[in-house]
Each structure stands twice: as C-alpha cells, then as structure tokens.
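Now for the letters of each chain:
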Amino acid sequence: MLPSPVNEKNTLIIRKTSDFKISGDGSAKEWEQTKWVKIPQRTTAGENLLTKVKTLYSKDGLYFLFHCEDNILF
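Read on for an overview of the structure. (Residues numbered from 1 in each chain as written. Predicted model: local features only at pLDDT ≥ 70, side-chain atom pairs only at ≥ 80, totals over all residues. Heavy atoms only, no water.)

### Topic: the nonpolar core
Phe20, Ala28, Trp31, Leu56, Tyr63 and Leu65 form the largest nonpolar core, which has 6 residues in total. Setting aside anything within four residues of it in sequence, one finds Tyr63 in contact with Thr17, Asp19, Phe20, Ile22, Trp31, Lys54, Thr55, Leu56 and Ser58. (Core = buried A, V, L, I, M, F, W, Y, C linked by side-chain atoms within 4.5 Å. Buried < 20%, exposed > 50% of the residue type's maximum accessible area, 1.4 Å probe, protein only. Contact = heavy atoms within 4.5 Å.)

Right under this line is the structure:
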C-alpha cells in the first residue's frame, strides 16, 4: 500500500518518476506510484462534485493527472 501523498502538515509530497508517454487517460503504469489527492470544493453552491489530482515529477518536468466530476471548468 502506498503512503498518503499529503503529510501531517498538509504538505503535498510529489514522487519522482522516469519520463513516460502521456496518454491522457491515466493508463501509464507510472501513475500507480502515487495516490489521488482530493481538491476541496471552493464554494458550497450547487452540487458537491469531486475533483482529485495525481502529481509526479521527473528530471524534465511535472506531470499532473486530474479527475473532475464536473465537465465544465471555470
């Protein structure tokens, strides 16, 4: 089981990875190195829709994988 990517001080811990091909659907095996982090909803108006992210870094850059229940981004 992977440890939480957020520590007791609410600091996001980003794991290092080797570079990999981005597919856009999160199917790359490298995403298995980290867990989802829930992003709190900023307002309570309307539905409560989940947004979560996975983050990795390599020697060449940052990788972000988002899952958003809301298909309309503002």
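Read on, since the account is not over.
### Concerning the packing of aromatic side chains
According to the stated counting rule, one finds 3 aromatic pairs in the structure shown. When the centroid spacing of 4.3 Å and the interplanar angle of 20° are considered together, the rings of Phe20 and Tyr63 count as stacked. You can see Phe20 sitting in the loop between strand S1 (15–16) and strand S2 (37–39) and its partner Tyr63 sitting in strand S4 (residues 62–68), a full 43 residues away along the chain. According to the relative accessible area criterion, Tyr63 is buried, its value standing at 9%. Measuring from ring centre to ring centre gives 6.3 Å for Phe64 and Phe66, while their planes differ by 20°; the resulting arrangement is stacked. (Phe/Tyr/Trp six-rings, centres within 6.5 Å; stacked < 30°, edge-to-face > 60°. Helix = DSSP H or I, 4+ residues; strand = E, 2+ residues; numbered from the N terminus.)

### Things to note about the environment of Met1
Structurally, the position occupied by Met1 is in the segment before S1. Expressed as a C-alpha distance, the spacing of Met1 and Lys35, which sit 34 residues apart in the sequence, is 9.7 Å.

### Overview of the pairing of strand S3 (residues 51–57)
By the criterion of burial, S3 is predominantly enclosed, with 5 of the 7 residues buried. As defined by bridge partners, S1 adjoins S3 across 2 bridges and the pair is classed as parallel. Considered in S3, the bridge of Lys16 is made with Tyr57. Here S2 pairs with S3 via 3 bridges, running antiparallel. Within the sheet, the bridge partner assigned to Lys38 lies in S3 and is Lys52. Sheet topology places S3 next to S4; 7 bridges connect them, and they run antiparallel. Its bridge partner lying in S4, Leu56 is registered against Tyr63. Counting the residues that bridge the hairpin from S3 to S4 gives 4 residues. (Pairing = 2+ DSSP bridges.)

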